[in-house]
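Architecture at a glance
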Protein chains: 2
Amino acid sequence: MAKITKVSPLAPKGGFPQLPNIDGVRFSTVAAGVKYAGRTDVMLAHVDAGSTIAGAFTRSSTRSAPVLDCQAKLGRVEDDNKGFAFLVNSGNSNAFTGRVGVEAVEAITSATAKTLGLPVSHIYTSSTGVIGEPLPHAKITAALDDLAATLSADAIEDAARAIMTTDTFAKGATATCEIGGVEVTVAGIAKGSGMIAPDMATMLVYIFTDAKISQLGLQEMVSRLNEDTFNAITVDSDTSTSDSLLVAATGTSGAIADDNETFERTLGVVMKDLAHQVVRDGEGATKFVEIHVEGATDNVDARKVAMSIANSPLVKTAIAGEDPNWGRVVMAVGKSGAHADRDTLSIWFGDVLVAKDGWVSPDYVEADAAAHMKGEDLRIRVDLGLGAGHSTVWTCDLTHGYIEINADYRS
Amino acid sequence: MAKITKVSPLAPKGGFPQLPNIDGVRFSTVAAGVKYAGRTDVMLAHVDAGSTIAGAFTRSSTRSAPVLDCQAKLGRVEDDNKGFAFLVNSGNSNAFTGRVGVEAVEAITSATAKTLGLPVSHIYTSSTGVIGEPLPHAKITAALDDLAATLSADAIEDAARAIMTTDTFAKGATATCEIGGVEVTVAGIAKGSGMIAPDMATMLVYIFTDAKISQLGLQEMVSRLNEDTFNAITVDSDTSTSDSLLVAATGTSGAIADDNETFERTLGVVMKDLAHQVVRDGEGATKFVEIHVEGATDNVDARKVAMSIANSPLVKTAIAGEDPNWGRVVMAVGKSGAHADRDTLSIWFGDVLVAKDGWVSPDYVEADAAAHMKGEDLRIRVDLGLGAGHSTVWTCDLTHGYIEINADYRS
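Numbering of residues starts from 1 in each chain and follows the order in which that chain's sequence is written. Written order determines the labels here, with chains lettered from A and ligands numbered from 1. pLDDT decides what is reported in this predicted model: residues at 70 or higher carry local features, side-chain atom pairs at 80 or more are listed and counted, and totals for whole chains, interfaces and linings draw on all residues regardless. As a convention, hydrogens and water are excluded, and side-chain values are obtained from all of the structure's heavy atoms.

1. Comments concerning the overall build of chain A
We apply this condition: A run of H or I in DSSP counts as a helix once it spans at least four residues, and a run of E counts as a strand once it spans at least two, with each numbered from the N terminus. Based on C-alpha atoms, the radius of gyration is set beside the globule rule, defined as 2.2 Å times the residue count to the power 0.38. Under the scheme applied here, a residue whose accessible area is under 20% of the maximum for its type counts as buried, over 50% as exposed, and between as partly exposed, the area being computed with a 1.4 Å probe on protein chains only. Contacts were defined at the residue level, with two residues in contact if any of their heavy atoms lie within 4.5 Å. Lys and Arg are tallied as positive, Asp and Glu as negative. Neither His nor the chain termini are counted. Lysine's charge is taken at NZ, arginine's at CZ, aspartate's at CG and glutamate's at CD.
When helices and strands are tallied, chain A shows 12 helices and 16 strands. Here chain A has a C-alpha radius of gyration of 22 Å; the compact-globule value for 411 residues is 22 Å, and the two agree. Referenced to the eigenvectors of the C-alpha coordinate spread, the extents of chain A come out at roughly 70 × 50 × 40 Å. Across the 411 residues that make up chain A, the buried fraction comes to 64%. A separation of at least 24 residues holds for 81% of the contacts in chain A among residues at least 6 apart in sequence. Mean positive and mean negative side-chain charge positions of chain A (34 and 52 charges, respectively) differ by 5 Å.

Structure follows, in C-alpha cells:
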C-alpha cells in the first residue's frame, strides 16, 4: 500500500461529523490481522429484530464472492425476523479468488450467524483490499466472539475507520426529518477513494435509519436515489469488483416512511453527502468538480456527456493545472456518443459563460474563468441546446498524486 | 505548449526512416507563423493527375471545420482529374471556431486551388493545434506561392516535421510489394501523441502510393484496415475533433491494386507501423503495450474488453509501476460491459500465465511476470473462454509525464 501521509485537501473541514446513535443499531470493531497486524480491519454492524434491508451493488461481470452472496440474500426476510448483521473487512477484497472465495464467504457468514443467533440469510459480508489473494477467513471468525461482546450503540466512527483502505479520512454523514411529528434519523458511513466510477463507485457504504419502512419500499427508494448519488460520481472511470451499498431501517422510531417523500429526500441527503466525500477523497484529488449538463435530448444523453467530461484525462489534467481549457470540454462532448451539435453548445466555468453557439463567447475574459479555476470547488456547466435532458455528476482532478498512489499500490 | 525536451524512450531506434520517393507525389513546407514565428508549420502535398483519394475521419460530434470539409469532398473526382493537394497546418486546429472557421477553410482551399490550378473540390486541408482560436488563414494563403514553387519529390521528412505539435519525433513508414511483376511502393507520415483514442486517434496521417486503384476500391481497403490500425490504438481515451487520415494513389507504377490482397497487406503494414509510432509517442509514455483479447462472444465484445483494459487508469499506472497487477485487469474486464465470466477467465503477462479459471494460476510465480513488466514492449493477453471473438489494441502507460504535459499545455 502506498504510504498516504496527508489527508486530502478536499476533506470536510472539522473532521468526522458527530453522528447520532440510531436506536436498534450497534457496532464493534477489531484488529484481526487480515493483512497487517495491529490495524483495526473488521467491523460488525448489528441491527435489531424487525429491521428491513435494501442495497445496491457493482454491476461488474467479475464481481466478488461477497457481492454475489449479498445479492442472493437481498430481499429475503425470514418469518422470524431477529435482525441482521453486516460483517466487513478491509485488507483483502476476496475478489477473483475462485472456489476458495465462495468458501470464505460461507465460513464467515455461517460463523457470524451462529455467534449472533441469526439465520445465515440475514448476514451480509463485504471485503475490500487486495484482489486475488485468499481471504484468511479463520482470522476473522476467530474474532467474532470479541466483536459480539463489544457491540455498542455509539461506535459508528470506529466502524467507519475499520473499513478504510487508501482513504485519507473516515466518511460519515447524517440527516433528520419529521414524519407525522416523529423525528427520524439517518446516519451512514462509507469508504472509497479510487477505482471510483459509474455503476457504483468503488465503495462500501452502510446507512442506518430508525424509520419504519417495508423492504420493498426501502429498496425502491435506494435504487432511485442511487442513480443520482453513488452512480453519479467518478474518480478514474474504473469500476470495482466489490462495490456495495447496504441500508438498514430498524423501524424503532415508529414513523412509517413507505412512499414518504420527506424521508426519501433525507436519505438522499446522506447518500449524496457520502458520495461527495468519496470524490473528495479521490486519489490525488486537489479539486472537487460538479459537472452539470442540460439541454440534452434526454437524461441518458445528458449523463453520457457529463461522464465523458468527468472521465476525460485531458479535462481532468487541465483542472489540475487550473487551466480553463474549454476546448477539452468541447472534445469530451464530441466523443461522448450523445447527440450534440457544435453550433448550439454553450459552456460555463463557474458563472463565467465561456463558449456560446459553437464558439468562444464574445464577452469572455479568460481571467474570469481562470479565477474560478483557482478555487477548490469547481463547476462546469454545459448546455447542449437540444432538449430538456439534464444530469449532474461529480468528479475530481487528475494529478501526480494519483500516479504516485497507483503506480505503487497493489490493489 | 509544454516544453518537450526529450524524445520518447519508445521512439523507433535509428530515427526517421529512409522513405522512398513516390512517383507523382511532391511536398513542400514553410514557416508561416501560424502560432510561433520561425517554426515550420505548413506543409503542402501535391499528387498528380489521375490519382485517387480515400480517407477516414474522427467521429466526434464536435469535429472541426476542416474535417467536415474533407468529408464532404471525399469520393468526389472531377471529370478532368488534374490531381489533388493536401494543405496542412500545425499550431491551430481551427476547431470550435464557428462561422469564421468555415470561412478560413474556404479561404485556404480556394486560394490553394487557384495557386495550383486545381478544382477546389480536389483540395483537402487539415489543421492541428489549439482549439477555439480563429485560424490566421491569411498567413497561410500568403505562403502559397512559396509552397507551390518549392514542391519537391524528396521532401516527405520535412512534411512529417511540419505537422508535429506535442510529438517528440517525426513519424514515417514505408513498405513495398509486387503486383504482376511491378514493384509498388507505399510511404506515409503521421503526427499525434495525445488525445488518442478509438474512433481515430488524435492524428493526422497522409499516405501515398504509386499503385493504380479506383477511388472506391481504395476507400473500401482503407476503411477495412483502419479498424485494426488507427482505430485500435489509444493513449488516453480522449478523441480529437480533428483526426484525419488521407491516402493518395497516383497510379504511376501502372500496377492495378483493386481487390489485390498483397497490396492491402502492404498498405496495412504502413498503417499499423504509423499507428504504433503514434502510441510510442504517447504523452509521457515509457511502455508500449499490446493487449490481445480472445475467447470473446464476438469481435465487438473482444474490442470492448481490450479497450476497457487499454483505457483503465489503474491498469496504465500499474504498467508504469512495472507491477504485474492482474487484479486490475480483472477489474477492467468486469467493467467493460462485454459478456465475461469470472470463472472462465485466463490472463497472461507476456508468456506468463497469471490467472486461470477465475483464480491465480497454481504455477504462477510473480517474479516471472514482474520480469516481463520491466521490458519496454509489453503484452497482456486475456482469454474470456466463451467464444471465438478476438481483438488486438495498442496503448501506453500513464505516467507523471502525461500529467506534466497536460496540466500545462493549452490544446
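2. Concerning the interface of chain B and chain A
Using the following cut-off: What gets called buried area is simply the loss in accessible area from a 1.4 Å probe that two parts show on being joined, summed for both. A pair is scored as a salt bridge if a Lys or Arg side-chain nitrogen falls within 4 Å of a carboxyl oxygen belonging to Asp or Glu. Residues adjacent in sequence count toward polar contacts only when both atoms are side-chain atoms; beyond that, a polar contact is any pair of N or O atoms within 3.5 Å, and within protein one must be able to donate a hydrogen and the other to accept it.
At the junction of the two partners, chain B supplies 58 residues and chain A supplies 58 residues. Here chain B and chain A share an interface that buries about 4,900 Å² over both sides, 58% of which is from carbon and sulfur atoms. The tally of links between chain B and chain A comes to 0 salt bridges. Where chain B touches chain A, the interface holds 15 residue pairs in polar contact (both at pLDDT 80 or more).

3. Re the pairing of strand β11 (residues 346–349) of chain B
Residues and elements named next belong to chain B. Where we set the bar: The pairing criterion is simple: DSSP has to find at least two bridges between the two strands.
In β11, alternate side chains face the same way, and those of S346 and W348 on one face and I347 and F349 on the other are all buried. Pairing of β11 with strand β14 (residues 377–383) involves 4 bridges; the strand directions are antiparallel. Paired with F349 across the bridge in β14 is I380. Looking at chain direction, β11 and strand β12 (residues 352–356) are connected through 3 bridges and run antiparallel. Bridged to W348 within β12 is L353. In textbook terms, the turn of a hairpin is the stretch between consecutive antiparallel strands, and for β11 and β12 this stretch comprises 2 residues, one of which, G350, has a positive phi near 65 degrees.

4. Comments concerning the confidence of the model for chain A
Residues and elements named next belong to chain A. This is how the line gets drawn: You can read pLDDT as the predictor saying how much it trusts each residue, on a scale of 0 to 100.
Confidence in the prediction for chain A averages 91 pLDDT; 95% of positions are at 70 or higher. Within chain A, helix α4 (residues 144–149) carries the highest mean pLDDT (98), whereas strand β9 (residues 233–234) carries the lowest (80). For the stretch residues 197–201, pLDDT sits under 50, and the model shows 32 contacts to residues farther than four places along the chain or on other chains.

5. Quick notes on the environment of A:T97
Along the polypeptide, A:T97 turns up in the loop between β4 (84–92) and α2 (98–116). Distance from A:T97 to A:L135, taken between C-alpha atoms, is 8.3 Å for residues 38 residues apart in sequence. Sequence-distant contacts of A:T97, defined by excluding residues within four places in its chain, comprise A:G132, A:E133, A:P134, B:G358 and B:W359. Within polar-contact distance, the side chain of A:T97 engages the side chain of A:N94 at 2.7 Å.

6. Here we look at the side chain of A:D281
All names here are of chain A. Summarising the element assignment, D281 is placed in the loop between α7 (261–280) and β11 (288–296). Under the relative-accessibility criterion, D281 is labelled buried at 2%. At 2.7 Å, the side chain of D281 and the side chain of K171 are in polar contact. With residues near it in sequence (within four places) discarded, D281 still touches S8, D167, T168, F169, K171, G192 and S193.

7. A closer look at the packing of aromatic side chains
Two numbers describe a pair of aromatic rings. These are the distance of the centres and the angle of the planes. Let me state the cut-off plainly: Stacked, edge-to-face and tilted are the three classes for Phe, Tyr and Trp ring pairs, Trp counted by its six-membered ring, which pair at centre distances within 6.5 Å; planes under 30 degrees apart are stacked, over 60 edge-to-face, the rest tilted. Two limits define a charge over a ring: the Lys NZ or Arg CZ must be within 6 Å of the ring centre, and within 35 degrees of the ring normal.
The tally for this structure, following the rule as stated, stands at 12 aromatic pairs over all chains. Note on A:F86 and A:Y124: the rings are 6.0 Å apart at their centroids and 85 degrees apart in plane angle, and the pair reads as edge-to-face. Of this pair, A:F86 sits in strand β4 while A:Y124 sits in strand β5 (residues 123–130); the two residues are 38 residues apart in sequence, bridging distant segments of the chain. Of the two residues examined, A:F86 and A:Y124, each falls in the buried class. Each ring, one from B:F27 and one from B:F208, has its centre 5.1 Å from the other, and the planes form 90 degrees; the classification is edge-to-face. Here B:F27, found in strand β1 (residues 25–30), pairs with B:F208, found in strand β8 (residues 204–209); they are 181 residues apart in sequence, far enough to count as distant. Like B:F27, the residue B:F208 is buried in the burial classification. Pairwise contacts between aromatic rings join A:F27, A:F84, A:F86, A:Y124, A:Y206 and A:F208 into one cluster. Above the plane of the ring of A:F288 lies A:R280, whose end atom (NZ or CZ) is 4.1 Å from the centre.

8. Topic: the domain arrangement of chain A
Residue and element names in this part refer to chain A. Convention followed: Segmentation into domains, and thus their bounds, comes from an automatic or database assignment.
Split by domain assignment, chain A resolves into domain 1 (25–280) and domain 2 (288–406). For domain 1 versus domain 2, the separation of C-alpha centres amounts to 33 Å. Of the residues lining the interface, 14 residues belong to domain 1; the matching set on domain 2 comes to 13 residues. Overall, the association of domain 1 and domain 2 removes approximately 1,200 Å² of surface from exposure, summing both partners, and the carbon and sulfur fraction of that is 57%. There are 2 salt bridges connecting domain 1 and domain 2. D228 is the salt-bridge partner of R303, the closest N and O atoms lying 3.1 Å from each other.

9. Quick word on the pattern of salt bridges
Residue and element names in this part refer to chain A. Overall, the coordinates contain 37 salt bridges over all chains when judged by the stated rule. Among the salt bridges present, the one from R59 reaches E227, with a minimum N-O distance of 3.9 Å. Of the two residues, R59 sits in the loop between β3 (52–57) and α1 (65–73) while E227 sits in helix α6 (residues 215–227), which places them 168 residues apart along the sequence. A salt bridge links E157 to R161; the nearest nitrogen and oxygen atoms lie 2.7 Å apart. Of this pair, E157 and R161 both sit in helix α5 (residues 156–162), 4 residues apart, which is roughly one turn of the helix. Residue classification places E157 among the partly exposed residues on the basis of a relative accessible area of 32%. Classification of R161 as partly exposed rests on a relative accessible area of 38%.

10. A closer look at the sheet that holds β11(B)
Residue and element names in this part refer to chain B. Ordered by their spatial adjacency, 6 strands build an open sheet running β13-β12-β11-β14-β10-β15, and the pairing between neighbours is mixed. One side of each edge strand has no neighbouring strand; the edge strands of this open sheet are β13 (359–360) and β15 (389–396). Pairing geometry for strand β10 (residues 288–296) and β15, over 7 bridges, is antiparallel. What sits directly across from F288, in β15, is C396.

11. Notes on the side chain of B:T125
All names here are of chain B. Relative to the assigned elements, T125 resides in strand β5 (residues 123–130). Here L87 takes part through its backbone oxygen, which lies 2.8 Å from a polar atom of the side chain of T125. With residues up to four places along the chain from it excluded, the contact list for T125 reads P66, C70, L87, V105, I108 and T109.

12. Concerning the environment of B:V315
Residues and elements named next belong to chain B. Mapped onto the elements of the fold, V315 is located in helix α9 (residues 313–320). Its relative accessible area of 3% is what places V315 among the buried residues. When the C-alpha positions of V315 and W326 are compared, they lie 8.4 Å apart, and in sequence the two are 11 residues distant. Once residues within four sequence positions are removed from consideration, V315 is found in contact with I309, R328, V329 and A332.

13. What about the sheet that holds strand β1 (residues 25–30) of chain A?
All names here are of chain A. Short version of the rule: Axis definition: a line fit to C-alpha positions, over the contact stretch in the case of helices; interaxial angles, taken between N-to-C directions, run 0 to 180 degrees.
The strand order across the open sheet formed by 4 strands is β1-β2-β4-β5, and the pairing between neighbours is mixed. Looking at which strands have only one partner, the edges of the open sheet turn out to be β1 and β5. Neighbour to neighbour, the strand axes of the sheet diverge by 15 degrees on average, direction disregarded. Pairing of β1 with strand β2 (residues 42–47), which is carried by 6 bridges, proceeds in the antiparallel orientation. Looking at the pairing, V30 lines up with V42 of β2. Here α2 sits on the sheet in contact with β2, β4 and β5, set at roughly 135 degrees to β5.

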